[in-house]
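The chain contents come next:
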Amino acid sequence: MSANATHAKKMRYRAEYVHEPGVIKDVFDGSHYQTLLKTVVPAGESNPFFYFSDERDIALGLSTDGFGPFKKRKQTCWPIILFNYNIPPEFRFRKKYCIHVATVPGPKKPWDWDSFCWPLAQELIQLEMGVKAFDAVNLSLFLLHVYLILAFGDIPAMALIMRMKGQNGISPCRICDIKAISFNSKTHYVPLRRDKIPGAQPRRYDPSNLPIRTHDRLLKQASEVEMASTSAKREERAKKYGIKGVPVLSCISSISFPSSFPFDFMHLIWENLIPNLIEFWTATFKDLDHAGKDYVIESMFG
């Protein structure tokens, strides 16, 4: 794409983008990208340079999810797709600009997603250090740097990529360090108010000031899990910390855990919260007793 004059000009969008403090219009307004602009690339210690210091540097996003390729079968496969954020938003998600790097075969979800992603991780490390490319605009060779800054998908997909324990862990959230309460051996809940639950600590969480996980702490916990002397201790630590091991993407210096792994708004809000609220307000949510409750909205047809 750098060697094609038309595509090369489109990919100048990132360099020409103007960030307005406090305004979010694109991925380049995010705190992670803005932090990278002021950070030295570890691979360039002998000749220091900052992330995205060259206008031709490329920002990538990674996405993966399972889907059923056949209408009447339950088998799934997992494509791994890269998006080029240097391209303007009106073009970047078109099929011809999406980079399909791999497909994890089915019939079930990958048990070890990292093993399939490792070849890509190796190439991303090399791209951070720089590879020779041709600039069709300036008609010259240059050292092209490419940085993966985001990875996204639904919650099960992100659990695979980040090697998170998920909802069964004592620390079930990938973003914050909120602790779950166990009411039996299998089910954990994460209420904000715990003042009426015997032995619960802390007694209450402030939703506007949750204990956010940090990159260094999360990877330190992941290392402790992998260094466990027995399988039982490893499982115990994984459940405690909410992470099962060191993710392969942690070797990519431009990735930050957990800020590089945003939540999927479509599944979180439109596919879950809104339908559940509608069922709740219309007294059809699960098998609860909704009779006489003031939250029930009477049907205009009924």
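It should be emphasised that the depicted structure is a prediction, and the values quoted were computed from it without experimental measurement.

What follows is about the overall build of the protein. For the protein, the helix and strand inventory stands at 9 helices and 8 strands. For the protein, the spread of C-alpha atoms along the principal axes amounts to about 75 × 60 × 45 Å. Once local pairs closer than 6 in sequence are excluded, the contacts in the protein between residues at least 24 apart make up 55%. For the protein, the computed accessible surface area is about 18300 Å², with 58% contributed by carbon and sulfur atoms. When the 39 positive and 31 negative side-chain charges of the protein are each reduced to one mean point, those points stand 5 Å apart.

Tracing the backbone shows L144 in strand β5 (residues 140-144). Sequence separation between L144 and Q167 is 23 residues, and the spatial gap between their C-alpha atoms is 40 Å. Not counting the four nearest positions on each side in its chain, L144 is found in contact with S2, R56, I58, L127, G130, V131 and A133.

Two elements in contact, helix α7 (residues 215-226) and helix α8 (residues 231-241), have axes separated by 8 Å at closest approach and are oriented at 160°. Considered as vectors, α7 and α8 are oriented roughly antiparallel to each other. Here α7 and α8 pass one another in a crossing that is left-handed. Each of Q221, E224, V225 and E226 in α7 lies in contact with α8, whose residues at this interface are R234, R237, A238 and Y241. By residue class, the composition of the contact of α7 with α8 is 3 nonpolar, 1 polar and 4 charged.

For the structure shown, the criterion picks out 13 aromatic pairs. Geometrically, the ring pair formed by Y13 and Y17 is tilted, given 5.8 Å between the ring centres and 55° between the ring planes. Each member of the pair, Y13 as well as Y17, carries the same accessibility label: buried. With a centroid separation of 5.0 Å and an interplanar angle of 65°, the aromatic rings of F83 and F93 are classed as edge-to-face. With F83 in strand β2 (residues 78-84) and F93 in the loop between α4 (89-92) and β3 (99-104), this pair connects stretches of sequence that are 10 residues apart. Above the ring of F91, the side-chain terminus of K10 is found at 4.2 Å from the ring centroid.

This part covers the layout of surface pockets. There is about 650 Å³ of room inside the largest pocket. Considering the residues around the largest pocket, the lining is formed by 22 residues, among which W111, A159, L160, M164 and K244 are closest to the centre. If you list the elements that add at least two residues to the lining of the largest pocket, you get α5 (113-129), α6 (155-162) and α8. Considered class by class, the residues forming the lining of the largest pocket number 10 nonpolar, 4 polar and 8 charged. By volume, the second largest pocket is sized at about 420 Å³. I155, Q167, P172, C173 and R174 are the residues nearest the centre of the second largest pocket, which is lined by 16 residues in total. Secondary structure elements with two or more residues in the lining of the second largest pocket: α6 and β8 (188-189).

The rules behind these values
Residues numbered from 1 in each chain as written. Predicted model: local features only at pLDDT ≥ 70, side-chain atom pairs only at ≥ 80, totals over all residues. Heavy atoms only, no water. Helix = DSSP H or I, 4+ residues; strand = E, 2+ residues; numbered from the N terminus. Contact = heavy atoms within 4.5 Å. Areas by Shrake-Rupley, 256 points an atom, 1.4 Å probe, with all protein chains shown as cover. Lys, Arg positive; Asp, Glu negative; His and termini not counted. Charge placed at Lys NZ, Arg CZ, Asp CG, Glu CD. Axes fitted to C-alpha atoms, helices over the stretch in contact; angles between N-to-C directions. Parallel < 35°, antiparallel > 145°, perpendicular 65-115°, else oblique. Left-handed = near helix turned anticlockwise from the far one by under 90°. Nonpolar A, V, L, I, M, F, W, Y, C, P; charged D, E, K, R; others polar. Phe/Tyr/Trp six-rings, centres within 6.5 Å; stacked < 30°, edge-to-face > 60°. Buried < 20%, exposed > 50% of the residue type's maximum accessible area, 1.4 Å probe, protein only. Lys NZ or Arg CZ within 6 Å of the ring centre and 35° of its normal. 1 Å grid on protein atoms, 1.4 Å probe; cavity = no way out; pocket = protein on both sides within 12 Å on 5 of 7 lines; lining within 4 Å. Points joined across faces, edges and corners; volume = space filled by probe spheres on them.

Bear in mind that shape data such as this cannot, by itself, settle questions of function.
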